[in-house]
Amino acid sequence: MNGPAGNDAPAILVEDLRKSYGERAAVRGLDLAVASGRICGLIGPDGAGKTTTMRIICGLLRPDAGAVHVLGRDSAREPRAVRERLGYMPQRFSLYPDLTVAENLRFFADLFGVPAAERVTREAELMEFSRLGPFRRRRAGQLSGGMKQKLALSCTLIHTPEVLVLDEPTTGVDPVSRREFWRILRELAGRGLALLVSTPYMDEAGLCDDVVLMHEGRSIARGTPDEVAAAFPRRLLEVRGAGLPEALARLAASPRPGVKVHRYGDRLHVVHDDAAQADDVARLLAGAGVELHPVAPGIEDTFVELMAAPAGGEATP
Amino acid sequence: MNRILAVVRKEFLHILRDRRSLAVAVLMPLAMVLIYGAVMDMELRDLKVGVLDLDRSDRSRELVRAMTSSGFIVAAEHLPGREEIEPGFRQGRFLAALVVPRGYGGDLARGEARVQVLVDGADASTAATVANYLQAVVATVNRDLLREAGLAAPFGARTRIWFNPELVSARFVVPGLVALVLMMICALLTSIAITREKETGTLEQILTTPVTPAQVIAGKVLPYVALGALVCTMVLLAGKWVFGVPMAGSWWLLAAYCLLFIVIALALGLLISARSPSLRVAMMAALMVTMLPTMILSGFVFPIASMPGPLQVVCRLLPATHFLVVLRGIMLKGQSWFPLQTAALVVMAAVLLTLAVRSFRLRLE
C-alpha cells in the first residue's frame with residue numbers, strides 16, 4: 001500500500017492506528033478508508049479520539065503505531081507533501097478575527113504558495129461558492145457563526161486540495177447554516193474530493209456516504225448509514241405520549257432482564273429481543289397514557305447499543 | 001521565503017489593526033524619555049533654608065551671603081528664634097535650617113567657631129543632598145577665611161566630572177530607555193503575539209499548510225524587530241534633540257550592539273511563549289522576566305554598586321546590565337572596545353536562542 005495511489009485506492013487510508021498521550025490511549029487500533037468523491041462521517045462522543053485521528057492524518061501528530069496514507073503518501077513521513085494536497089479545518093474557528101475575509105484568504109493562499117493569478121480566480125470562485133462575496137471587506141471577527149465556518153472552509157480550499165478533513169465543522173452553528181454547510185460539502189464531494197467529517201450529531205450521520213462510529217479510540221461500526229443502522233442486533237419499541245414520565249417511572253421501578261430503556265427527548269426506545277418481552281413491556285405500560293410502536297433502529301440506537309456492549313474482538317480489562 | 005513574507009505581511013496587518021497597542025508601543029517610550037529626562041534631574045535648585053542668626057555680626061552675615069550666592073540655596077526667611085525651627089519644618093517652609101550661634105564672629109577669630117545645620121530627614125535623598133551642599137558652603141567659607149589670614153588650606157579636593165560634566169540625568173537615562181524599549185517590544189510583544197496565536201488555535205491551522213515552524217517564527221518575529229528598531233531610533237533622536245544627549249561614538253557600533261540585544265530579547269520572548277500555557281501567563285512572565293529586571297536591576301535607575309552582594313550577582317546575569325554599560329560607553333565616552341560585555345552578551349544570546357529553539361520544537365510536535 002506504499003506505492004502511488006491508483007484510481008481505486010482510497011484517498012485516505014488508515015490502518016491499525018494507535019496513539020497515546022502518556023498513559024491515556026486516545027486511539028487504539030483504528031481502520032478507516034475514504035474514497036474520492038465520498039463523504040465519510042467520523043461519528044462519536046467527545047473523547048472518542050476523532051480529533052487525534054484527524055491530526056495524525058494531517059501529519060500534525062505522529063502515530064505510535066499503524067499506517068496513515070493520504071493519496072498514497074505517508075502522513076508521518078511526508079507531512080508537507082500530504083499537506084499540499086489536503087485541507088484541514090480544526091474544530092475551533094481559527095482564522096484571524098482582526099483581518100478581513102479577503103485578507104484571511106490571501107494569507108492562506110500565500111502560505112500554500114498559490115500563484116497570484118490563480119489566487120485571484122480561485123478567490124472569486126470561493127466567494128461565489130460560499131456566498132461570502134458581499135462580506136469581502138468585513139473583519140472575520142464580525143461574521144456570524146455560519147459565515148465564519150464558511151470562511152474557514154474557503155481558506156482550507158484555497159489551494160484546491162483533493163482531500164478535505166473537517167473536525168466538527170458544524171458544532172455551534174445554527175440549523176439553517178448547518179444545512180447550507182452540508183449542501184456545500186455535498187457539492188465538493190460531487191467534484192471528486194474525498195471528505196472526512198467528524199461530528200457529534202447523529203442526525204448528520206445520515207448525510208454522509210459512509211460512517212465510522214468511534215468509541216474510546218476504536219471503530220465500533222462502519223458502513224453506509226443504512227448498513228450501520230441495520231447492524232442493530234436487537235428489536236426496538238418506541239414509546240410516545242403524554243404519559244412518558246409515568247412510563248419511565250414504571251420501567252425504572254420494575255426492571256426486566258435483558259430489556260433496556262433509552263430516553264431520546266420526547267420518546268423512549270425500549271430495546272428487547274423477542275415478542276414475549278415486548279408483550280411484557282406493553283402490559284407494564286398499559287394505562288400509562290403512552291403508545292407503543294415497533295420501529296426500525298437508527299444510527300443512534302446502534303451507537304448506544306454497541307457503546308454499552310463489551311468491545312468485541314480485543315481484550316479489555 | 002515567500003511564506004515568511006506572507007507571515008510578515010499578516011503580522012504587520014495585526015500590528016496596524018491593533019491601534020491601541022501600537023500607540024502604547026510607540027508613544028510610551030517617547031513619553032518615558034520626556035518624563036524621565038525631565039523628572040529624574042538629580043540636581044536640586046532654589047532650596048529653601050531657614051536662617052537663625054543669633055550673632056548678627058558682619059562675619060555671620062558673610063556666611064549667610066556665601067550660602068545664598070551659590071544659586072542652589074535661597075534663604076527662605078530669617079527666623080526670630082529657635083522655637084520657630086520646628087514649625088518651619090512641619091509646615092514645609094524650608095528643608096534645612098542654619099543656626100549661627102551667639103559669638104560666632106569672636107569664635108571665628110579664635111579659630112573655634114561652630115554652626116549648626118538641621119536637615120529635614122523625611123525625604124532621605126533630598127536631605128543628603130542638602131546636607132552636602134551646606135557642608136560645601138561651609139568648607140568654601142573656611143577656605144576663603146584661611147586665605148584672608150594668609151594661610152593655605154592644608155588639603156583640598158577638586159572634583160571634576162567627565163563625560164557628563166553637568167550630571168544631566170537625561171544622558172544617563174536615555175541609554176537605559178533604549179534597553180527597556182527593546183525588551184518591551186522584542187520580548188514582551190513577540191511573546192504575546194506568538195502565545196495569542198497558540199491560544200486561539202490559529203497556529204495549528206497555519207501548521208497544516210506547507211509552512212514550517214521556523215518560517216512561521218521568522219515571519220512573526222521580523223515585524224517586531226523592525227518596530228523595535230524604529231522606536232529605539234525615535235528614543236535616541238528624542239534624547240539627542242530634546243535633552244542634547246551626545247553621541248560620542250559610532251552609530252554603527254551602537255546599531256550592532258542593539259541588534260545583538262534584540263536577538264537576546266527575541267530569544268527570551270520565544271522562550272516565554274513556548275513555555276507559557278496561556279496569554280495571561282505569558283504577559284506576566286514577560287513583565288517579570290524582562291521589563292522589571294531591566295528597570296530595577298540593570299543599573300538603569302538604581303546604581304548596581306549600591307546593591308547588596310547577592311543582588312549584584314543577579315544584576316550581572318541580566319543582559320540589560322551589560323548592554324547598558326556598552327550603550328553609555330558608546331554614547332557618552334565614545335568607547336568602542338567592550339571585551340567583557342561583548343563576551344557576556346554573545347554567550348547569553350547563544351544560550352537563550354538554543355533554549356528557545358529547543359523548547360519551541362518540543363511544543364509544536
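Residues numbered from 1 in each chain as written. Chains lettered and ligands numbered in written order. Predicted model: local features only at pLDDT ≥ 70, side-chain atom pairs only at ≥ 80, totals over all residues. Heavy atoms only, no water.

## Things to note about the interface of chain B and chain A
- Tallying the contact residues gives 24 residues for chain B and 26 residues for chain A.
- Summed over both sides, the interface of chain B with chain A buries roughly 2500 Å², with 54% coming from carbon and sulfur.
- Summed over the shared surface of chain B and chain A, the result is 1 salt bridge.
- Two residues, A:Glu103 and B:Arg17, come together in a salt bridge whose shortest N-O distance is 2.8 Å.
- Contributions of two or more residues to the side of chain B that touches chain A are made by helix H1 (2-17), helix H7 (169-200) and helix H8 (202-207) of chain B.
- Per-element accounting of the side of chain B that touches chain A gives the leading share, 8 residues, to H1(B). (Contact = heavy atoms within 4.5 Å. Buried area = accessible area lost by both parts, 1.4 Å probe. Salt bridge = Lys/Arg side-chain N within 4 Å of Asp/Glu carboxyl O. Helix = DSSP H or I, 4+ residues; strand = E, 2+ residues; numbered from the N terminus.)

## Here we look at the packing of aromatic side chains
Residues and elements named next belong to chain A.
- Considering all chains together, one arrives at 5 aromatic pairs over all chains under this definition.
- Seen from their ring centres, tyrosine 96 and phenylalanine 107 are 5.6 Å apart, and the 70° between their planes marks the pair as edge-to-face. With tyrosine 96 in the loop between strand S6 (86-89) and helix H3 (101-111) and phenylalanine 107 in helix H3, this pair connects stretches of sequence that are 11 residues apart.
- Residue phenylalanine 107 is classed as buried on the basis of its relative accessible area, which comes to 3%.
- Aromatic rings pair up to connect Tyr96, Phe107 and Phe108 into one cluster. (Phe/Tyr/Trp six-rings, centres within 6.5 Å; stacked < 30°, edge-to-face > 60°. Buried < 20%, exposed > 50% of the residue type's maximum accessible area, 1.4 Å probe, protein only.)

## Focus on the sheet that holds strand S14 (residues 291-294) of chain A
All names here are of chain A.
- Taking strand neighbours across the sheet as the criterion, the 4 strands line up as S12-S13-S11-S14 in an open arrangement whose pairing is antiparallel. Looking at which strands have only one partner, the edges of the open sheet turn out to be strand S12 (260-264) and S14. Each neighbouring strand pair of the sheet contributes to a mean axis angle of 25°, computed without reference to strand direction.
- Where strand S11 (residues 235-240) meets strand S13 (residues 267-272), 6 bridges bridge the pair, whose relative direction is antiparallel. By the bridge assignment for S13, arginine 235 is matched with histidine 272.
- Helix H8 (residues 244-253) contacts S11, S12 and S13 of the sheet and is inclined by roughly 30° relative to S13. (Pairing = 2+ DSSP bridges. Axes fitted to C-alpha atoms, helices over the stretch in contact; angles between N-to-C directions.)

## Considerations on the domain arrangement of chain A
- Taken domain by domain, chain A consists of domain 1 (12-229) and domain 2 (233-296).
- Inter-centroid distance (C-alpha atoms) of domain 1 of chain A to domain 2 of chain A is 39 Å. (Domains from an automatic or database assignment.)

## So, the pattern of salt bridges
- Scanning the model with the defined rule gives 36 salt bridges over all chains in all.
- With its nearest N and O atoms 3.2 Å apart, the salt bridge here joins B:Arg59 to B:Glu62. Of this pair, B:Arg59 and B:Glu62 both sit in helix H3 (residues 58-68), 3 residues apart, roughly one helical turn.
- Residue B:Lys220 pairs with B:Glu197 through a salt bridge whose shortest N-O separation is 2.7 Å. Of this pair, B:Lys220 sits in helix H9 (residues 213-243) while B:Glu197 sits in helix H7, and the two are 23 residues apart along the sequence.
- Each of the salt bridges in this network shares a partner with another, and the network as a whole consists of A:Arg122, A:Glu125, A:Arg131, A:Lys150, A:Glu180, A:Arg183, A:Glu187 and A:Arg191.

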